[in-house]
Amino acid sequence: MKEGSTEAPTRHPIDWQSPDFYDLDKLDVELRRVFDICHGCRRCFNLCDSFPRLFDLVDASPTGELDEVKSEDFAPVIEACTLCDMCYMTKCPYVPPHEFNLDFPHLMLRYRSAEAKHEGHYPFVPGQLGQTDRNGMLAAPIAPLANWGSARGNRLTRPVLEKLAGIDARVELPKFYGKTFTMRAKAQDKLGEAAPKEAPAKGRKAALFATCFVNYNNPQVGEAARKVLAHNGVETTVAYPGCCGMPFLEQGNLAKVAEQAERVSREMCELIDKGYDIITLTASCGLMFKFEWPLILPDNADVKKLAQATYDIDEYVVDIAKKEGLAPGLKPVEGGVTAHLACHARAQNMGPKSAEMMKLIPETKVDVVERCSGHGGTFGVMKETFEVAMRVGKPAARNVAKTGNKYVTSDCPLAGKHLAQEIETLEEAQVPKVQHPIEIMARAWGLIE
Ligand code: SF4
Ligand code: SF4
Ligand code: SF4
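Only a predicted model underlies this, so the values are computations on that prediction, with no experimental measurement involved.

Visitor: Tell me about the packing of helix H14 (residues 254-273) against helix H15 (residues 283-296), residues and numbers included.
Guide: To describe two helices that pack against each other, one gives the angle between their axes and the distance between the axes. The N-to-C vectors of H14 and H15 enclose an angle of 120°; their axes lie 10 Å apart at closest approach. When the interaxial angle is binned, H14 and H15 end up oblique. Of the two possible hands of crossing, H14 and H15 adopt the one that is left-handed. In this structure, H14 uses Leu254, Val257, Ala258, Gln260, Ala261, Val264 and Ser265 to contact H15, whose residues at the interface are Met288, Phe289, Trp293 and Ile296. Among the residues making up the contact of H14 with H15, the classes are represented as nine nonpolar, two polar and no charged.

Visitor: So what's going on with the side chain of Gln421? Which residues, and what values?
Guide: Relative to the assigned elements, Gln421 resides in helix H21 (residues 413-424). Look at Gln421 and you get buried, because its relative accessible area is 6%. Apart from the residues lying within four places of it in its own chain, the contact partners of Gln421 are Arg152, Arg170, Val171, Glu172, Phe386 and Met390.

Visitor: How would you summarise the domain arrangement of the protein chain if you had to cite specific residues and measurements?
Guide: Interfaces are often sized by the accessible area lost when the parts come together. Domain boundaries in the protein chain define domain 1 (19-119), domain 2 (124-165), domain 3 (181-323) and domain 4 (337-444). Domain 1 and domain 4 are separated by 28 Å when their C-alpha centres are compared. In this assembly, 14 residues from domain 1 lie in contact with 13 residues from domain 4. Of the roughly 1000 Å² buried where domain 1 meets domain 4, counting both sides, 62% is carbon and sulfur surface. Counting across the interface, domain 1 meets domain 4 through one salt bridge. The salt bridge partner of Arg391 is Asp49, with a shortest N-O separation of 3.1 Å. Where domain 1 meets domain 4, there are three residue pairs in polar contact (both at pLDDT 80 or more). With three residues, helix H4 (residues 86-91) is the largest single contributor of residues to the side of domain 1 that touches domain 4. Taken together, the residues that form the side of domain 1 that touches domain 4 break down as seven nonpolar, three polar and four charged.

Visitor: I'd like a rundown of the site of ligand 2, residues and numbers included.
Guide: If you check the shell around ligand 2, you find Ile37, Cys38, Cys41, Arg42, Arg43, Cys44, Phe51, Lys91, Cys92, Pro93, Tyr94 and Leu102 and nothing else. With three residues, helix H1 (residues 24-41) is the single largest residue contributor to the shell around ligand 2.

Visitor: Before we move on, can you summarise the state of the cysteines with the specific residues and values?
Guide: The final tally for this structure, using the stated rule, is zero disulfides. Among the cysteines around Cys269, which has no disulfide bond, Cys244 carries the closest sulfur, lying 16 Å off. According to the relative accessible area criterion, Cys269 is buried, its value standing at 3%.

Visitor: Mind laying out the pairing of strand S5 (residues 337-340), listing which residues take part and the relevant values?
Guide: Burial along S5 is two-sided: Val337 and Ala339 facing one way and Thr338 and His340 facing the other are all buried. The pairing of S5 with strand S6 (residues 366-369) spans four bridges and is classified as parallel. Its bridge partner being in S6, His340 is matched across the sheet by Val369. In the sheet, S5 pairs with strand S7 (residues 407-410) via four bridges, with the strands oriented parallel. The residue of S7 that forms the bridge with His340 is Ser410.

What counts, and where the lines are drawn
Residues numbered from 1 in each chain as written. Chains lettered and ligands numbered in written order. Predicted model: local features only at pLDDT ≥ 70, side-chain atom pairs only at ≥ 80, totals over all residues. Heavy atoms only, no water. Axes fitted to C-alpha atoms, helices over the stretch in contact; angles between N-to-C directions. Helix = DSSP H or I, 4+ residues; strand = E, 2+ residues; numbered from the N terminus. Parallel < 35°, antiparallel > 145°, perpendicular 65-115°, else oblique. Left-handed = near helix turned anticlockwise from the far one by under 90°. Contact = heavy atoms within 4.5 Å. Nonpolar A, V, L, I, M, F, W, Y, C, P; charged D, E, K, R; others polar. Buried < 20%, exposed > 50% of the residue type's maximum accessible area, 1.4 Å probe, protein only. Domains from an automatic or database assignment. Buried area = accessible area lost by both parts, 1.4 Å probe. Salt bridge = Lys/Arg side-chain N within 4 Å of Asp/Glu carboxyl O. Polar contact = N/O pair within 3.5 Å; in protein donor to acceptor, adjacent residues only side chain to side chain. Near = heavy atom within 4 Å. Disulfide = S-S within 2.5 Å. Pairing = 2+ DSSP bridges.

Structure, rendered in structure tokens:
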């Protein structure tokens, strides 16, 4: 299944090294051109909060047209864009190669970059939250204390965090672990847990990009992925040269993303040269490797090579199933699973791979929900946008709750957490257990409890 008009849209490189990219007059001309097309089209009215904000501005103007809307009123439209890419990938008929050449999310990105350049700085708190490796390294050795301080019910610390840093006290924040995934991977190697078994895919080699989130906040996902791959005969290694830079992309800090891309791709290419396929464990990292980095550094050979060698973990397991066949022994997962298709997994244009993979489990009910969870990185965390994030995600939460399944999976760990928090607010809804799809597979093979 491919999304877009009739074919997957093509996307132009981001012209972030050109002075025109930051020219406020030229940016305004482009914003007005695109917003006017959107006003005439309005297909995206229910995707997020950006479009309703834009259409409300136009509808409230004296003429009901964009020409009466002041450019200084555009900021809330840009603020509400989480760069989920859904308008570009699933709705817009005017994306390239159409002559309108419309790329709404990348225009929002350009606005943020230009705004920061002219103000001389990027937003402070999102910038600090975006230092995922630094934060993870600081928090891991004191994980119990860090988790106590960040716990949702902590009436001592969370109001202070809200006041000083603007992080909404109601948000469930990710937990930290003293033993990161890279540490656990070494232990797995010692115990022989990652040794490839005799299975049809024997001979494959895969390097798992640990991702900051799995490394510091959800190491069980990495362990489950290695167990599943070993069970299927795949030799694995774990690599983590650093975060992919998605939080910096959100803020429009393209120079920082490029710096990460150069460094990480150089190291990952050494593994590709040794015959490893590259596997990403969260949707956003896969999107960065495959699509965003090549648009930011189109001439970088390492970035290109990495994009071609990268698979999302679910995509990789489905590929094994199609080419060599999976290892036997999958058992039904009691209680059913709802697969939430995260926006950044959908934006990879690979089809609903998590659902496809879990449907390989016999006699297991798998339902699919593909509406946005509303999280959008720091958008779902900051006080000024948390309510909107909850509102945007409500339809997805309702759809998940309606299935009545025991588990909900998402390739985006923050989306899973956010959905669970939204379901808590629904009347008489049971909150399902949040899992990564690969954990469901590991459970079905009896590799984890
Ligand atoms: S990228 Fe997502 S959040 Fe941004 S405007 Fe498009 S649909 Fe809305
Ligand atoms: S992004 Fe495209 S599909 Fe969406 S409202 Fe604008 S023109 Fe229409
Ligand atoms: S996209 Fe991946 S590496 Fe980047 S910040 Fe998110 S989890 Fe970390």
